[in-house]
Structures are given as structure tokens and as C-alpha cells.
Amino acid sequence: MLRLEARCRNAIEAPEFIMALLDILQYPDPRLHKIAQPVAKVDEGVRAIVADLFETMYAAKGVGLAATQVDIHLRIIVVDTSEQRDQPMVLINPEIVQRSAECKEWEEGCLSLPGIYDKVTRPDRIRVRALDGRGERFEIDADGLLSVCVQHEMDHLDGKVFVDHLSALKRNRIKVRMRKRQREAEPA
Ligand code: K1U
Ligand code: ZN
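Residues numbered from 1 in each chain as written. Chains lettered and ligands numbered in written order. Predicted model: local features only at pLDDT ≥ 70, side-chain atom pairs only at ≥ 80, totals over all residues. Heavy atoms only, no water.

J.: Can you tell me about the coordination of the zinc ion (ligand 2), naming the residues and giving the values?
T.: Any two of four tetrahedral donors ideally make an angle of 109.5 degrees at the metal, while pairs among six octahedral donors ideally make 90 or 180 degrees. Each protein donor to the zinc ion (ligand 2) is listed here as Cys-110 (SG), His-152 (NE2) and His-156 (NE2); together their distances run 2.1 to 2.3 Å. Classification of His-156 as buried rests on a relative accessible area of 0%. (Donors = N, O, S within 2.8 Å, 3.2 Å for Na, K, Ca; no water. Buried < 20%, exposed > 50% of the residue type's maximum accessible area, 1.4 Å probe, protein only.)

J.: Break down empty space enclosed by the protein for me, citing the residues and quoting the values.
T.: The tally for this structure, following the rule as stated, stands at one cavity of 30 Å³ or more. In this structure, the largest cavity spans a volume of roughly 40 Å³. Lining the largest cavity are Lys-104, Trp-106, Arg-122, Pro-123, Asp-124, Gly-144 and Val-148. Of all elements in the fold, only β6 (103-108), β7 (118-123) and α3 (144-157) reach the threshold of two or more residues within the lining of the largest cavity. Here the lining of the largest cavity is composed, by residue class, of three nonpolar, one polar and three charged. (1 Å grid on protein atoms, 1.4 Å probe; cavity = no way out; pocket = protein on both sides within 12 Å on 5 of 7 lines; lining within 4 Å. Points joined across faces, edges and corners; volume = space filled by probe spheres on them. Helix = DSSP H or I, 4+ residues; strand = E, 2+ residues; numbered from the N terminus. Nonpolar A, V, L, I, M, F, W, Y, C, P; charged D, E, K, R; others polar.)

J.: Describe the packing of aromatic side chains, and please don't skip the residues or the numbers.
T.: Summed over all chains, the structure comprises one aromatic pair. Measuring from ring centre to ring centre gives 6.1 Å for Phe-54 and Tyr-58, while their planes differ by 20 degrees; the resulting arrangement is stacked. Residue Phe-54 and its partner Tyr-58 are both found in helix α2 (residues 44-59); the two are separated by four residues, about one turn of the helix. Overall, Phe-54 belongs to the buried group, its relative accessible area being 14%. (Phe/Tyr/Trp six-rings, centres within 6.5 Å; stacked < 30°, edge-to-face > 60°.)

Here it is, written out as C-alpha cells:
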């Protein structure tokens, strides 16, 4: 039902298919803290969600997007960390099966907190197991931006935003800034 509402809001009719740019929830929206449910079957409905996630991620110039961020609470993430923006990857029901003991600090951003960046420390390298868009299981070893991005998106599925890794003081300052920005954007 949620998905149908989202598709109808911004749907663009094309000859063979319908693409939809979905609205990205903005922090501190409480829906960003919902826990996403596993996908039971990778079917046409799930593939339609995946197509819309890519559409929305590329339009927003992000390197990743989690279904949670568009108010769809299923364990689906999309990423493309390539320079040419031509290596889309979908991970359904992703699980980290191995993480390096070595950690790395990285400056993170988030489409749910535009213009806000801060350093987060995470395991440097990970091995992730997931289903692809055909429902086939696969594993990838990730490092660098891909590793950071997959961990950041998987946090979203668990209702966690990158600012939840920061101190309460920093997080509250960011919350105040975001609320002020949202009030100013409201029509008078
Ligand atoms: O909102 C999101 O979850 C997407 C987010 C992914 C991410 C980027 C960088 C570190 C961790 C997670 C973004 O795409 S933020 C904006 C962005 O376009 C970007 C940031 C860093 C490098 C390249 C692009
Ligand atoms: Zn994010």
C-alpha cells in the first residue's frame, strides 16, 4: 500500500515502464528508525522497488540508498560507488559475514541529512552476503568507499542513521539545525 502511494505521487509514464522518483525522508523523521523486514521472495514487486531506488539514488547524486530512506521497510539497499556511475549493485537481505579487525575513519554524508558530514569509524574491510535482483545468493569483499557505503546503508535497515555514531551533543546540534531548516522550508 505504501509503495503504491509512493509510486503514484511522482510517477513518470514511459512507453514500456513506469519510473518513480521517491521522496527521501529527512532526519529527524522517526520513520528513519524503523527496523526493515527481510524480503521473503524476490519477485516483480521487489524488482520495481529496486528500479525506483536506483532512479531516486542517481537523481539525488548519492552513492547509495536504503529502502528505509524512502519509507519502504524492507531489507533492500542499492549502491554505485563507481566514478562513471555505471556499476549499480543491489543487495537484498544483506548480511556481513566477515569484518576486518582494522577500522578506518571516513567522512560520511547522507541523503537524509543533506549538507551534513562527519567522521565515523567502521571496520575497514567487510565480506557481505546478499541476494541479487534475481534472488540469487552472492558474496562480495568490499573496502574503501564501497565498504563504508554498504555499512552505512545496512545501518539504515536497522533504523540507524550515521549521526547515531556521533556524540549526543553533536547529534542534538544536528537535530536542531535540521528542524530549523525544515521550518524555514515550510510555506508561510
Ligand atoms: O543517504 C545515503 O545513505 C547515501 C549516502 C551514502 C554514503 C556516502 C558516503 C559515505 C557513506 C555513505 C550518500 O550518497 S551521501 C552523498 C554523496 O553523494 C557522496 C558522499 C561521498 C562520496 C560520494 C558521494
Ligand atoms: Zn544515509
